[in-house]
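Topology and contacts: notes
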Amino acid sequence: IRELRSMPPSAAITKLTREHDLDAQAAENVLRYIADQELATQLVPDDRTIVIERVRDELGDWRVCVLTPFGSLIHAPWAIAASAKITASGLEVESMWTEDGFVLRFPDSDLPPNVAVVLMDPTEAAELITRELGSTALFAGRFREAASRALLLPRRRAEGRAPLWQQRKRASDLLSIAARYPAFPILLEAYRECLRDVFDMPALMEILDAVQSQSIQIHVVDSRTPSAFASALLFGYVANFIYDGDAPLAERRAQALSIDQDQLRELLGDVDLRELLNLGAIEERSEEHTSELQSHHD
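Residues numbered from 1 in each chain as written. Predicted model: local features only at pLDDT ≥ 70, side-chain atom pairs only at ≥ 80, totals over all residues. Heavy atoms only, no water.

1. Some thoughts on the overall build of the protein chain
Convention followed: In DSSP terms, a helix is any run of H or I states spanning at least four residues, a strand is any run of E spanning at least two, and both are numbered starting from the N terminus. Exposed residues in this analysis have more than 50% of their type's maximum accessible area, buried residues have under 20%, and partly exposed residues fall in between, with area computed by a 1.4 Å probe over protein chains only. Contacts between residues were defined by any pair of non-hydrogen atoms, one from each residue, lying within 4.5 Å.
Looking only at helices and strands, one finds 13 helices and 5 strands in the protein chain. Expressed as a percentage of its 298 residues, the buried residues of the protein chain come to 39%. In the protein chain, once contacts between residues fewer than 6 apart in sequence are set aside, the share between residues at least 24 apart is 70%.

2. A word on the pattern of salt bridges
Rules: Each reported salt bridge corresponds to a side-chain nitrogen of Lys or Arg within 4 Å of a carboxyl oxygen of Asp or Glu.
Inspection of every chain in the model, using the stated rule, returns 16 salt bridges. Measuring nitrogen to oxygen at the nearest pair gives 3.0 Å for the salt bridge that ties Glu38 to Arg5. Within this pair, whereas Glu38 is found in helix 3 (residues 24-41), its partner Arg5 is found in helix 1 (residues 2-6), the two being separated by 33 residues in sequence. Judged by its relative accessible area of 35%, Glu38 falls in the partly exposed class.

3. Points about a negative patch on the surface
For clarity, the cut-off: Patch building starts from residues that exceed 30% relative accessible area and form no salt bridge, then joins like charges within 9 Å and nonpolar side chains (Val, Leu, Ile, Met, Phe, Trp, Tyr) within 5 Å. Accessible surface is estimated by sampling points in the Shrake-Rupley manner with a 1.4 Å probe; for residues, cover comes only from the protein chains shown. Positive charges are assigned to Lys and Arg, negative charges to Asp and Glu, while His and the chain termini are left out of the count. Here the site of a charge means NZ on Lys, CZ on Arg, CG on Asp, or CD on Glu.
A cluster of acidic residues, Asp121, Glu127, Glu206 and Asp209, forms a negative patch at the surface. Checked against the element boundaries, Glu127 lands in helix 5 (residues 122-132).

4. Observations concerning the pairing of strand 3 (residues 94-98)
Note the threshold: Strand pairing follows a simple DSSP-based rule, namely that at least 2 bridges must link the two strands.
Sheet topology places strand 3 next to strand 4 (residues 101-106); 5 bridges connect them, and they run antiparallel. Following the sheet pairing, Trp97 is matched in strand 4 by Phe102. With antiparallel pairing between neighbouring strands as the criterion, strand 3 and strand 4 make up a hairpin whose turn holds 2 residues.

5. Regarding the environment of Thr225
Relative to the helices and strands, Thr225 is located in the loop between strand 5 (217-223) and helix 10 (228-242). With 170 residues separating them in the primary sequence, Thr225 and Val55 have C-alpha atoms 6.5 Å apart.

6. What about the nonpolar core?
Let me state the cut-off plainly: Grouping buried Ala, Val, Leu, Ile, Met, Phe, Trp, Tyr and Cys residues that are joined through side-chain atoms within 4.5 Å yields what is termed a nonpolar core.
Ranked by internal contacts, the top residues of the largest apolar core, which has 51 residues, are Ile50, Trp78, Phe139, Phe143 and Phe199. The greatest single-element share of this core, amounting to 9 residues, is contributed by helix 4 (residues 72-88). Ranked by size, the runner-up nonpolar core spans 18 residues in total, among them Leu31, Val44, Met96 and Leu233.

7. Structural notes on the confidence of the model for the protein chain
To be explicit about the condition: Along the chain, pLDDT gives the predictor's confidence residue by residue, from 0 to 100.
Of all residues in the protein chain, 78% have pLDDT values of 70 or greater, and the mean over the chain is 81. At the low end of the mean pLDDT range in the protein chain sits helix 11 (residues 249-252), at 45; at the high end sits helix 3, at 95. For residues 245-258, every residue scores under 50 in pLDDT, and the model assigns this stretch 29 contacts once sequence neighbours within four places are set aside. Segment residues 270-276: pLDDT under 50, and 4 contacts once partners within four positions in sequence are set aside and those in other chains are kept.

8. Overview of helix 3
Condition: One less than the number of residues in a helix, times 1.5 Å, gives the span that helix is expected to have. Arc definition: it is the arc formed by the directions from the helix axis to the C-beta atoms.
For helix 3, built from 18 residues, the straight-helix expectation of 26 Å at 1.5 Å per residue is met to within 8% by its first-to-last C-alpha distance of 26 Å. Where helix 3 is concerned, the buried positions are Ala27, Leu31, Ile34, Gln37 and Thr41. Down the axis of helix 3, the smallest arc covering the buried residues is 115°, so these residues share one side. Of the exposed residues in helix 3, the ones pointing more than 90 degrees away from its buried face are Gln25 and Leu39. Residue Gln42 follows helix 3 closely and has a positive phi angle near 70°.

9. Things to note about helix 6 (residues 137-149)
An ideal rise of 1.5 Å per residue puts 18 Å on 13 residues; helix 6 measures up with 19 Å between its terminal C-alpha atoms. Among all positions of helix 6, only Phe139, Ala140, Gly141, Phe143, Arg144, Ala146 and Ala147 are buried. The positive-phi residue at the C-terminal boundary of helix 6 is Leu151, with phi of around 60°.

10. A short note on the side chain of Thr49
Note the cut-off: Here a polar contact is recorded for every N or O atom pair within 3.5 Å, except that within protein the pair must consist of a potential hydrogen donor and a potential acceptor, and residues adjacent in sequence are included only if both atoms are side-chain atoms.
You can see Thr49 is positioned in strand 1 (residues 49-56). Look at Thr49 and you get buried, because its relative accessible area is 6%. For Thr49, the side chain forms a polar contact with the side chain of Gln217, separated by 3.2 Å. Here Thr49 is in contact with Leu43, Val44, Ile216 and Gln217, once residues within four sequence places are set aside.

11. Quick word on the packing of helix 4 against helix 9 (residues 201-212)
To describe two helices that pack against each other, one gives the angle between their axes and the distance between the axes. Heads up, the condition is: Think of each axis as a best-fit line through the C-alpha atoms, taken over the contacting stretch in the case of a helix, with angles from 0 to 180 degrees between the N-to-C directions. Angle categories are assigned with fixed cut-offs, so that under 35 degrees is roughly parallel, over 145 is roughly antiparallel, 65 to 115 is roughly perpendicular, and the rest are oblique. All amino acids are sorted into three groups, where Ala, Val, Leu, Ile, Met, Phe, Trp, Tyr, Cys and Pro are nonpolar, Asp, Glu, Lys and Arg are charged, and the leftover types, Gly among them, are polar.
Remark: helix 4 packs on helix 9, axes separated minimally by 9 Å, with the N-to-C direction vectors making an angle of 70°. Judged by the inter-axis angle, helix 4 sits roughly perpendicular to helix 9. For the pair formed by helix 4 and helix 9, the contact residues are Ile74, Pro77 and Trp78 on the first element and Met201, Ala203, Leu204, Ile207 and Leu208 on the second. Partitioning the contact of helix 4 with helix 9 into residue classes produces 8 nonpolar, no polar and no charged.

12. A short note on the sheet that holds strand 1
Within the open sheet, the 5 strands sit side by side as 3-4-2-1-5. Their pairing is mixed. A strand with exactly one partner marks an edge of an open sheet, and here the two such strands are strand 3 and strand 5. Each neighbouring strand pair of the sheet contributes to a mean axis angle of 15°, computed without reference to strand direction.

What follows is the structure in structure tokens.
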């Protein structure tokens, strides 16, 4: 986006058609989309600029749209941390994220929300995310998948698949028991999977550091109607909350989880995973695998 905005329109269209396989009409639409955003917010979100747009919805409540190109691997944990920080101050907010940013919905007030709650210290963000993650539907889903892979959700019959509602109910029951044991391996695996596979925590820490050092600039704008980028983000917000009440109980119920922070740090660190396993078991399994391959070859 930053490169396209610095080019003459003809050069930008040529770049989009030759390097990105767009036809001429699609390339023109892209440039018009960026121009509409620039007209509304003056600056456009890119790798060096984050745009925070505040706009009221149809009910008069404030929506704060954080527009960046960094993707949902960064927007998801950032939104969780911001929501947790705002909730701790006594306000109830709703949040949603996409690849293009995240949105926070505040209750009605005369003054626009203070965007400082979004621009937090990296260490504070990491603590908030780890603390709040256990109460999210994302964590409940990842815990169910990890427990299923570990064969902790047995089926009555070997043939066929268990219905999803049964898997969710069993996973919910298991999670309520596992929550009493901070070092339960499946708990730790679900946290590791969320923090490393679903979220890009190192990149989020770098971005928050860059914001504090002002190498990434923050541009705040108040709009009467959503800009082009914000409109797309808010469309996803509406779609996300239309069926919010239909979410399964197992993924709506907040779990007060306490995990072993030392073991979690070990799992998230740079330590070789082989060091966390029993060496004898690794060698025994390696020999079995070699024998299986040899017999198959014979």
